[in-house]
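Residue strings, one per chain:
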Amino acid sequence: ADTGMGTAAHMMSNKKCVTISLDIKFISAVLLNQKLIGKVKIQKQTTSLVFITCEIFNSESIVLTASGIWKKL
């Protein structure tokens, strides 16, 4: 989640970004080597911060939600 959301922050701002806050909610377990799909949404962007949410799914259901704040460098 952190890597995907950080990549989205970097792509949106065209600047290097660092995580300053990350909140993760684990909803269900996954199996080893199970394929996961992440959906990232930029909620808001200011001159120095990017606010992002993320959901990660397996083939059947949601397994994790996350939200965080990234600082533009």
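Structure: above.
Okay, so let's go over this structure. Please read all numbers here as calculations on a predicted model, not as lab measurements.

Reading the values: the criteria
- Residues numbered from 1 in each chain as written.
- Predicted model: local features only at pLDDT ≥ 70, side-chain atom pairs only at ≥ 80, totals over all residues.
- Heavy atoms only, no water.
- Helix = DSSP H or I, 4+ residues; strand = E, 2+ residues; numbered from the N terminus.
- Buried < 20%, exposed > 50% of the residue type's maximum accessible area, 1.4 Å probe, protein only.
- Phe/Tyr/Trp six-rings, centres within 6.5 Å; stacked < 30°, edge-to-face > 60°.
- Lys NZ or Arg CZ within 6 Å of the ring centre and 35° of its normal.
- Salt bridge = Lys/Arg side-chain N within 4 Å of Asp/Glu carboxyl O.
- Pairing = 2+ DSSP bridges.
- Axes fitted to C-alpha atoms, helices over the stretch in contact; angles between N-to-C directions.
- Contact = heavy atoms within 4.5 Å.

In this structure, Asn14 is a non-glycine residue whose phi angle is positive, near 55°. Among the secondary structure elements, Asn14 is positioned in the loop between helix 1 (2-13) and strand 1 (17-26). For Asn14, a relative accessible area of 68% puts it in the exposed group. A positive phi angle, close to 70°, is found at Asn33, a residue other than glycine. Following the sequence through the fold, Asn33 ends up in the loop between strand 1 and strand 2 (37-45). Residue Asn33 is classed as exposed on the basis of its relative accessible area, which comes to 76%.

Taken as a whole, this structure holds zero aromatic pairs when the rule is applied. Above the plane of the ring of Phe57 lies Lys39, whose end atom (NZ or CZ) is 5.3 Å from the centre.

Charged atoms that come close allow side chains of opposite charge to pair. Enumeration according to the criterion identifies one salt bridge in this entry. The shortest N-O distance in the salt bridge between Lys25 and Asp23 comes to 2.9 Å. Its relative accessible area of 44% is what places Lys25 among the partly exposed residues.

Backbone hydrogen bonds are what pair the strands of a sheet, in a parallel or an antiparallel way. With respect to topology, four strands assemble into an open sheet ordered 1-4-3-2, the strand pairing being antiparallel. Single-partner strands in this sheet number two, and they are strand 1 and strand 2. Strand-to-strand twist in this sheet, taken as the mean axis angle between neighbours without regard to direction, amounts to 20°. Across eight bridges, the pairing between strand 2 and strand 3 (residues 49-57) is antiparallel. Each bridged residue has a counterpart across the sheet, and for Ile42 the counterpart in strand 3 is Ile52. Across the sheet, helix 1 lies against strand 1, strand 2, strand 3 and strand 4 (62-72), angled at about 40° from strand 4, the strand it touches most.

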